[in-house]
Amino acid sequence: METVLALEGVTRRYAETVALDDLSFAVPSGSAVALLGPNGAGKTTTVSLLMGLAAADAGSVTVCGTTPRAAVASGRIAAMLQDSGLMPGATVGELVELARRCAPDPLPAAEALELSGLSGLARRRADRLSGGQAQRLKFALVAAANPRILVLDEPTRALDVQARARFWEAMRAYAAGGRTILFATHYLDEVDRNAGRVLVMSRGRIVADGTPAQLRERGGRSVVGFRLDDPKAENVAGVLAALPGSVMAEGDRVSVQTDDPDATVRALAAGPLCWHALSIAAPSLEESFLSLTAGPSPISATSREES
Amino acid sequence: MALYYFRLECVRMVRDLRYLALAVLAPIGFYLLFATLFGGKPGAPGELKGTVEIMVAMAAYGAVWGALSATGPRIAQERSVGWLDQLRAMPLTPRQVMAGKLAAAMAVVLPSLILVCLTGALAKGVSLHLWQWAAIVGAMWVGSLPFALLGIMLGYLVGADAAFPLSYGLYMGMSAIGGLWVPPSQLPASFLDVARVLPTYRLADLGWRIAQGTAPSAADAATLAGWAVGLGLLGVLAYRRPRRRRGGRAVAA
């Protein structure tokens, strides 16, 4: 598969903060990749470099075999930036038309508006849109340009739950045409449903790279929980200690962390204890994410945020 | 695409009631008022008739605000809402964006110039040769360039809150001292010395000289060109000035 995005040994510093630290990854054509990480992990910096809005201090960034600026200028890559805004005084339809005129192979305006759920609003002024509508217009600008590669930096920030669901529905419909998508997010549910591959970032590095399922397995263990009918029965301590997994008991509540929940449940069912309210929690992406990105954030990053 | 961008820049000015009121309607209204109050007296020998002198002054007055308001406050606002960031992520080059803004600023100068002149001809009986009308509008149009460049510099230099009052304050100050409100012949000598270095005075002087049937002076052209070059260079510096990202968010985020 052809590689369309490639970072090789990229380092980017802001004053004394290292935003990206020897970062390398490649994205093949047609894939949907999530950049997942806490604030300050380097997601937005990565997006800036891919769009040619910032330059790497070391290493190389390649988009469609060329420089990011050339790829942007030729319309092969387009982005929904996190902090970008809209032209005051222009209408929705005019801005979509501007995006179309800039693109070598644009979508029909009506289709871009339809995809982004703005069909009735073409004549509305961009500065009179609600937050969610403005976000959808930013998506419409990208959709209208019809690029091979879409980069979305926290596209659903500031959207409510329903708007987020609608956004991703539109996004999936759009991506079905074989486009490459890279999106930055810190919403784990968005990763699970919309990415085939996750790059977990922490402090400017990639700390995990795999499918959402692989990532889930990496960090997390299942938790088997149940309640004892009689926690004071004399054989309880010994039986619990013999269960596969690490056991925590508090009053009548017991939870067992295990890599193999099946074995734990079989042992429990075959054993002498009387118990009820059995539950099994699958390893969560969240837990995996937290364990991968855990650690104190660098002091310099904090001080910059206050400046 | 650059042409469509230019069109958008113009369209939004025409939609902007503040532009229409301050740069188009106000000069026409002030012209009618001042020409009625002070325009009746026949000029002394070698001096322009009041209706003509005030017409040129008010055309300049409207043109200056057209050029300034299309750039300064707008660019500052676009920087603060992030539209310029959005443009940078689109195939338009910064050069095309800048050219579009400059061209739009120059385009919105024309209605101010033409409509004040039309008012003079139709309502106040100003009678000039056709070549004079064409030369007044043409020369003053080109002469408005320094103000568009001033606006671009301000737009990249100051924040969205300060851009409008600062632009408007400079506009009013330069208009008053530059002899657009009070005929330069009635300014005290010390004021006139200041007026002569101001682009506002030189812009109007282009029109006054053409209306008298003479060519604009080399000093007019040189002063305006000097302002254009100086402000253009300062604009480039303001544009390249390293600035912190908006909203104080962590740069590394």
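This text gives an overview of the structure that appears in the document. Computed from a predicted model, the values in this text were never measured in an experiment.

Our focus in this paragraph is the overall build of chain B. When helices and strands are counted, chain B shows 12 helices and 0 strands. Along the chain direction, N to C, the helices and strands of chain B fall in the order α-α-α-α-α-α-α-α-α-α-α-α. Computed over C-alpha atoms, the radius of gyration of chain B comes to 19 Å, within 12% of the 18 Å expected from 2.2 N^0.38 for 253 residues, which places it in the range of a compact globule. Overall, the C-alpha framework of chain B stretches about 70 × 35 × 30 Å when taken along its three principal axes. Here chain B holds 253 residues, and 48% of them are scored as buried. Taking all contacts inside chain B whose residues are at least 6 apart in sequence as the whole, residues at least 24 apart take part in 78%.

Counting 85 residues, the largest nonpolar core has A79(A), L95(A), A99(A), A140(A), A144(A) and V151(A) as the members making the most contacts within it. At 8 residues, the largest contribution of residues to this core is made by helix α5 (residues 131–145) of chain A. When residues no more than four places from it in sequence are discounted, the contact partners of A140(A) are V96(A), A112(A), L113(A), S116(A) and L118(A). Within the second largest apolar cluster, 65 residues are counted, among which are V56(B), L68(B), L113(B) and L180(B).

It is worth spelling out the sheet that holds strand β8 (residues 197–202) of chain A at this point. Sheets are built from strands that pair by backbone hydrogen bonding, the pairs being arranged parallel or antiparallel. Residues and elements named next belong to chain A. Taken in spatial order, the 6 strands make up an open sheet running β5-β6-β7-β3-β8-β9, and their pairing is mixed. Across the chains shown, the open sheet's two edge strands, defined by having one partner strand only, are β5 (77–80) and β9 (205–210). Averaged over neighbouring strand pairs, the angle between their axes works out to 15° when direction is ignored. Here strand β3 (residues 32–36) runs beside strand β7 (residues 180–185); their pairing, made up of 5 bridges, is parallel. Paired with L35 across the two strands is A184, which belongs to β7.

Here we come to the interface of chain A and chain B. The extent of an interface is frequently quoted as the accessible surface area lost upon association of the parts. The interface is formed by 32 residues belonging to chain A together with 26 residues belonging to chain B. Mapped onto the side of chain A that touches chain B, the elements with two or more residues apiece are β2 (17–28), α1 (43–50), α2 (68–73), α3 (92–102) and α12 (299–306) of chain A. Counting residues per element, the side of chain A that touches chain B draws most heavily on α3(A), which supplies 6 residues. Residues of the side of chain A that touches chain B, tallied by class, amount to 16 nonpolar, 10 polar and 6 charged.

Moving on to α5(A). Residues and elements named next belong to chain A. Between the first and last C-alpha of α5 there are 22 Å, a value that for 15 residues agrees with the 21 Å anticipated at 1.5 Å per step. Most of α5 is tucked away: 11 of the 15 residues are buried. Listing the buried residues of α5 in full gives Q135, R136, L137, K138, F139, A140, L141, V142, A143, A144 and A145. Here the buried face of α5 lies against β5, α3, α4 (109–115), β6 (149–153) and α6 (161–175). Immediately beyond the C-terminal end of α5, within one or two residues, lies N146, with a positive phi of roughly 55°.

As a further point, take the sheet that holds strand β13 (residues 275–281) of chain A. Residue and element names in this part refer to chain A. What the 4 strands build is an open sheet, ordered β11-β12-β10-β13; its pairing is antiparallel. Either end of the sheet is taken by a strand with one partner, and the two such strands are β11 (246–250) and β13. Averaged over all neighbouring strand pairs, the angle between strand axes comes to 15°, with direction disregarded. Here 5 bridges tie strand β10 (residues 222–228) to β13, and the two strands are oriented antiparallel to one another. Its bridge partner being in β13, R227 is matched across the sheet by H276.

Cut-offs and rules
Residues numbered from 1 in each chain as written. Chains lettered and ligands numbered in written order. Predicted model: local features only at pLDDT ≥ 70, side-chain atom pairs only at ≥ 80, totals over all residues. Helix = DSSP H or I, 4+ residues; strand = E, 2+ residues; numbered from the N terminus. Rg over C-alpha atoms; globule rule 2.2 N^0.38 Å. Buried ≥ 20, exposed ≤ 12 C-beta atoms within 10 Å, placed from the backbone. Contact = placed C-beta atoms within 7 Å. Core = buried A, V, L, I, M, F, W, Y, C linked by C-beta atoms within 7 Å. Pairing = 2+ DSSP bridges. Axes fitted to C-alpha atoms, helices over the stretch in contact; angles between N-to-C directions. Nonpolar A, V, L, I, M, F, W, Y, C, P; charged D, E, K, R; others polar. Expected span 1.5 Å × (residues − 1).

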